[in-house]
Every structure is written in C-alpha cells, then in structure tokens.
Amino acid sequence: CRVREAVVSTQSTGPDGGYFMLVDTSPMGWDFTQENTGRCYDVDCVKWLTREFKLATIPISVFYGDKIRHLAAKYIRVCCAKSDATIDRACQIIRSLKRA
C-alpha cells in the first residue's frame with residue numbers, strides 16, 4: 001500500500017491483504033491538549049485531519065471499552081481501498097505532516 005510508504009518513518013501495521021492499515025501517530029508529535037475536548041487523542045486527531053486537510057481516517061479507540069481505550073489512543077485507521085488519485089493525494093498530505 002502506498003500509504004504505508006508515506007508513513008514509513010512512523011509505526012504502521014499493514015495487512016498482507018485487506019483494505020485498512022493502522023498508523024501509530026505518536027512519532028508525529030501532534031498535540032491536541034489545548035483543544036481540551038475531553039475526547040481520546042485519536043478522536044481529536046482524526047477530526048483535525050478531516051477538518052484541516054480533508055483526510056478522513058478512523059479513530060481506533062472507539063472500538064475499545066472505557067477501561068482499555070488508552071491502549072489505542074495514538075492509533076488511527078487508514079483505508080487503502082481508494083482510487084489511485086485519492087491515495088496519491090493522501091500520501092502527499094501525510095508526507096507534508098511528517099515530523100522533520
């Protein structure tokens with residue numbers, strides 16, 4: 001998946017087959033604490049990516065119960081079953097956001 005190549009310096013988990021991959025956002029250094037929403041980090045992250053860059057991703061913590069939600073707080077789910085043009089644009093956005 002070309003998306004995996006775009007996030008190569010971050011931790012990503014791509015399946016041998018399937019439509020989604022998980023990306024660990026912690027190496028990106030993004031901070032959403034000033035938003036003070038009370039939501040899990042990944043929820044704020046995907047809302048920011050969608051609002052600011054029109055890059056839709058899925059928070060992982062919503063699939064976890066309250067007691068263990070923190071385990072998935074830094075991961076987002078990315079769909080790779082998109083057109084080549086959409087994947088290329090997503091890769092451009094991801095590369096522009098990577099920490100130098």
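Scroll up for the structure.
Residues numbered from 1 in each chain as written. Predicted model: local features only at pLDDT ≥ 70, side-chain atom pairs only at ≥ 80, totals over all residues. Heavy atoms only, no water.

Asks: What am I meant to see in the environment of Phe53 here?
Replies: On the secondary structure map, Phe53 appears in helix H2 (residues 41–53). Residue Phe53 is classed as partly exposed on the basis of its relative accessible area, which comes to 26%. Linking Phe53 and Ile93, residues 40 residues apart in sequence, is a C-alpha distance of 7.3 Å. The residues contacting Phe53, other than those within four sequence positions of it, are Trp48, Ile93 and Leu97. (Helix = DSSP H or I, 4+ residues; strand = E, 2+ residues; numbered from the N terminus. Buried < 20%, exposed > 50% of the residue type's maximum accessible area, 1.4 Å probe, protein only. Contact = heavy atoms within 4.5 Å.)

Asks: Would you mind showing me how to read the pattern of salt bridges here?
Replies: This structure, assessed with the given rule, holds four salt bridges. Residue Arg39 is joined to Asp44 by a salt bridge in which the shortest nitrogen-to-oxygen separation is 2.7 Å. Given a relative accessible area of 38%, Arg39 falls into the partly exposed group. Within the structure, one salt-bridge network assembled from shared partners comprises Glu35, Arg51 and Glu52. (Salt bridge = Lys/Arg side-chain N within 4 Å of Asp/Glu carboxyl O.)

Asks: What should I look at first to understand the environment of Arg89 in this one?
Replies: For Arg89, the position within the fold is in helix H3 (residues 84–97). Along the backbone, Arg89 and Leu55 are 34 residues apart, and their C-alpha atoms lie at a distance of 9.0 Å.

Asks: Can you walk me through the packing of aromatic side chains in this structure?
Replies: Aromatic rings considered in pairs are described by the distance between their centres and by the relative angle of their planes. Counted according to the given criterion, the structure contains four aromatic pairs. Of the aromatic side chains, those joined through ring pairs into one cluster are Trp30, Phe32, Tyr41, Trp48 and Phe53. In this arrangement the basic side chain of Lys74 is found over the ring face of Tyr41, its NZ or CZ atom lying 3.7 Å from the centre. Note that Arg77 overlies the ring of Phe20, its terminal NZ or CZ placed 3.6 Å from the centroid. (Phe/Tyr/Trp six-rings, centres within 6.5 Å; stacked < 30°, edge-to-face > 60°. Lys NZ or Arg CZ within 6 Å of the ring centre and 35° of its normal.)

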